[in-house]
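Notes for the structure review
Listed below are the residues making up each chain.
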Amino acid sequence: MRELIYIVVEAFYKKAVYDVLIGYHFEKFRQPEELESHLQRIATFWEMQLTGQITKPLEGPQFRLMLTHLQIGIKRGELGRWVMLFHQTLDELEEQFRTQAPAEELAEIQLITAEWKKRIAFFKERFESNPNMFSRNF
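This write-up is about the structure you can find in this document. (Residues numbered from 1 in each chain as written. Predicted model: local features only at pLDDT ≥ 70, side-chain atom pairs only at ≥ 80, totals over all residues. Heavy atoms only, no water.)

Moving on, we come to the packing of aromatic side chains. Think of a pair of aromatic rings as described by two things: how far the centres are apart, and how the planes are tilted against each other in angle. Following the criterion strictly, the structure yields 14 aromatic pairs and no others. Consider the rings of Trp 46 and Phe 123, whose centres lie 6.0 Å apart with planes at 80 degrees: the pair is edge-to-face. Of the two residues, Trp 46 sits in helix H2 (residues 32–51) while Phe 123 sits in helix H5 (residues 103–129), which places them 77 residues apart along the sequence. Comparing Trp 46 with Phe 123, the two get one shared label, buried. (Phe/Tyr/Trp six-rings, centres within 6.5 Å; stacked < 30°, edge-to-face > 60°. Helix = DSSP H or I, 4+ residues; strand = E, 2+ residues; numbered from the N terminus. Buried < 20%, exposed > 50% of the residue type's maximum accessible area, 1.4 Å probe, protein only.)

Attention now goes to the packing of helix H1 (residues 2–16) against helix H4 (residues 76–100). When two helices pack together, their arrangement is given by the angle between the helix axes and the distance between those axes. At a minimum axis separation of 9 Å, H1 and H4 run at an interaxial angle of 130 degrees. For the element pair H1 / H4, the angle class is oblique. Along this stretch, H1 crosses H4, giving a crossing that reads as right-handed. Mapping the contact onto sequence places Leu 4, Val 8, Ala 11, Phe 12, Lys 15 and Ala 16 in H1 and Trp 82, Leu 85, Phe 86, Gln 88, Thr 89, Leu 90, Glu 92, Leu 93 and Phe 97 in H4. (Axes fitted to C-alpha atoms, helices over the stretch in contact; angles between N-to-C directions. Parallel < 35°, antiparallel > 145°, perpendicular 65-115°, else oblique. Left-handed = near helix turned anticlockwise from the far one by under 90°. Contact = heavy atoms within 4.5 Å.)

To continue, consider H4. Here H4 spans 37 Å end to end across 25 residues, near enough to the 36 Å set by a 1.5 Å rise per residue. Where the residues of H4 are buried, they touch H1, H2 and H5. (Expected span 1.5 Å × (residues − 1).)

Take the nonpolar core next. Across soluble globular proteins, you tend to see nonpolar side chains buried next to one another. Ranked by internal contacts, the top residues of the largest apolar core, which has 36 residues, are Val 9, Tyr 13, Phe 26, Trp 46, Phe 86 and Trp 116. In contact with Tyr 13, other than residues within four places in its own chain, are Phe 26, Phe 29, Leu 35, His 38, Leu 39 and Ile 42. (Core = buried A, V, L, I, M, F, W, Y, C linked by side-chain atoms within 4.5 Å.)

Turning our eyes to something else, we now look at the environment of Glu 115. Topologically, Glu 115 is positioned in helix H5. For the pair Glu 115 and Gln 49, spaced 66 residues apart in sequence, the C-alpha to C-alpha distance is 9.6 Å.

Now for the pattern of salt bridges. Per the counting criterion, the structure on display carries nine salt bridges. Of the charged contacts in the structure, one is a salt bridge between Arg 81 and Asp 19, with a shortest N-O distance of 2.5 Å. Of this pair, Arg 81 sits in helix H4 while Asp 19 sits in the loop between H1 and H2, and the two are 62 residues apart along the sequence. You can call Arg 81 partly exposed: its relative accessible area is 23%. Of the charged contacts, one joins Lys 117 and Asp 91 as a salt bridge, the two residues approaching to 2.4 Å between their closest N and O atoms. (Salt bridge = Lys/Arg side-chain N within 4 Å of Asp/Glu carboxyl O.)

This is the structure in C-alpha cells:
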C-alpha cells in the first residue's frame, strides 16, 4: 500500500511544485534531496490516514497539520487548487489502472481513491472552519 501512496504523492508534487497558482509554496521541493525527504514524510502521513498504520518510521517531528499550514499563509483559493490537483492525480491513477490492471486491482484502487477523497474533504473542511487558517491576502 505504501508504494501506491508514494506514487500518488510523488505525482501530485510533480504538478504542485510548478503550478502557476500554488507552486510558490513548494519551491524548496524543487531540490531533489528536499523533495525526497518530504515525499517520504507525506507518504507516511497518508499511509497513517488511509490504513491506520505506518510501515516506515516517521523521521522528524510529529505531524502538526494545521500549525504547519497556518505558517505557510495559504489563501482560500489556493486550498481549492490543492484539492483540485490532488483529485486530478487520484483520477489519473484510477484511469491508469482502468486501462492496465485486472478488474480486482481496479476495484481496490477505486476504494482507495474514494477513501482518499473523503479524507481530503475532511481536511478541507477543517481548514475552512478555522478563521485563522488563511492569509488575509485573497
